[in-house]
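Analysis of the macromolecular model
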Amino acid sequence: LSRGVLWLGWFLSCLGPFLLSAALLVLVLKLGDILPYSHPGVVFLFLAAFAVATVTQSFLLSAFFSRANLAAACGGLAYFSLYLPYVLCVAWRDRLP
């Protein structure tokens, strides 16, 4: 296999479960009348964009490691630490200019 075909195969195999869970989540949100005024296609596109960003971020982090156990541990820590600024900005939105 060429390098591009290998990466594309991994990308599609990792993106599949994300898109399936996004579709099920949109179905639950629509049938449960949780987001009655939101178009399901727009919600799915938003979740699909998040899934693509998460998979590409995982690919970026995997390039820095050669051992799977170390990559899994550091990748999880990096994912949550990169999410932390959003949580802090929401918590301190009244104090930030």
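Residues numbered from 1 in each chain as written. Predicted model: local features only at pLDDT ≥ 70, side-chain atom pairs only at ≥ 80, totals over all residues. Heavy atoms only, no water.

- The name recorded for the chain in an unreviewed UniProt entry is ATP-binding cassette sub-family A member 7, from Macaca mulatta.

1. Quick look at the packing of helix H2 (residues 40-62) against helix H3 (residues 68-91)
- Orientation of H2 relative to H3, taken along the N-to-C sense of each, is 130 degrees, at an axis distance of 10 Å. Taken together, the axes of H2 and H3 lie oblique to each other. In this structure, H2 meets H3 at a crossing whose hand is right-handed. Every residue of H3 that contacts H2 at Phe50, Thr54, Gln57 and Leu61 is listed here: Gly75, Ala78, Tyr79 and Leu82. (Axes fitted to C-alpha atoms, helices over the stretch in contact; angles between N-to-C directions. Helix = DSSP H or I, 4+ residues; strand = E, 2+ residues; numbered from the N terminus. Parallel < 35°, antiparallel > 145°, perpendicular 65-115°, else oblique. Left-handed = near helix turned anticlockwise from the far one by under 90°. Contact = heavy atoms within 4.5 Å.)

2. Focus: the packing of helix H1 (residues 3-31) against H2
- Two numbers describe how H1 lies on H2: the axes approach to 9 Å, and their chain directions differ by 150 degrees. Considering only the axes of H1 and H2, their crossing is right-handed.
- Residues of the contact of H1 with H2, tallied by class, amount to 21 nonpolar, 3 polar and 1 charged. (Nonpolar A, V, L, I, M, F, W, Y, C, P; charged D, E, K, R; others polar.)

3. Describing a nonpolar patch on the surface
- Residues Tyr83, Leu84, Tyr86, Val87, Leu88, Val90, Trp92 and Leu96 make up a contiguous nonpolar surface patch of about 740 Å² in total accessible area.
- Within the secondary structure layout, Tyr83 lies in helix H3. (Patch = residues over 30% accessible without salt bridge, like charges linked within 9 Å, V, L, I, M, F, W, Y side chains within 5 Å. Areas by Shrake-Rupley, 256 points an atom, 1.4 Å probe, with all protein chains shown as cover. Salt bridge = Lys/Arg side-chain N within 4 Å of Asp/Glu carboxyl O.)

4. A closer look at empty space enclosed by the protein
- Following the criterion strictly, the structure yields 1 cavity of 30 Å³ or more and no others.
- Size it by volume and the largest cavity reaches roughly 40 Å³.
- In terms of lining residues, the largest cavity is bounded by Val26, Leu29, Lys30, Leu35, Ser38, His39, Pro40 and Val43.
- Counting only elements with at least two residues in the lining of the largest cavity, the list comes to H1 and H2. (1 Å grid on protein atoms, 1.4 Å probe; cavity = no way out; pocket = protein on both sides within 12 Å on 5 of 7 lines; lining within 4 Å. Points joined across faces, edges and corners; volume = space filled by probe spheres on them.)

5. Description of the environment of His39
- Assignment of secondary structure puts His39 in the loop between H1 and H2.
- Owing to a relative accessible area of 54%, His39 belongs among the exposed residues under this scheme.
- Between the alpha carbons of His39 and Val26 there is a distance of 9.6 Å; along the sequence they are 13 residues apart.
- A polar contact of 3.0 Å, which involves the side chain of His39, links it to the backbone nitrogen of Gly41. (Buried < 20%, exposed > 50% of the residue type's maximum accessible area, 1.4 Å probe, protein only. Polar contact = N/O pair within 3.5 Å; in protein donor to acceptor, adjacent residues only side chain to side chain.)

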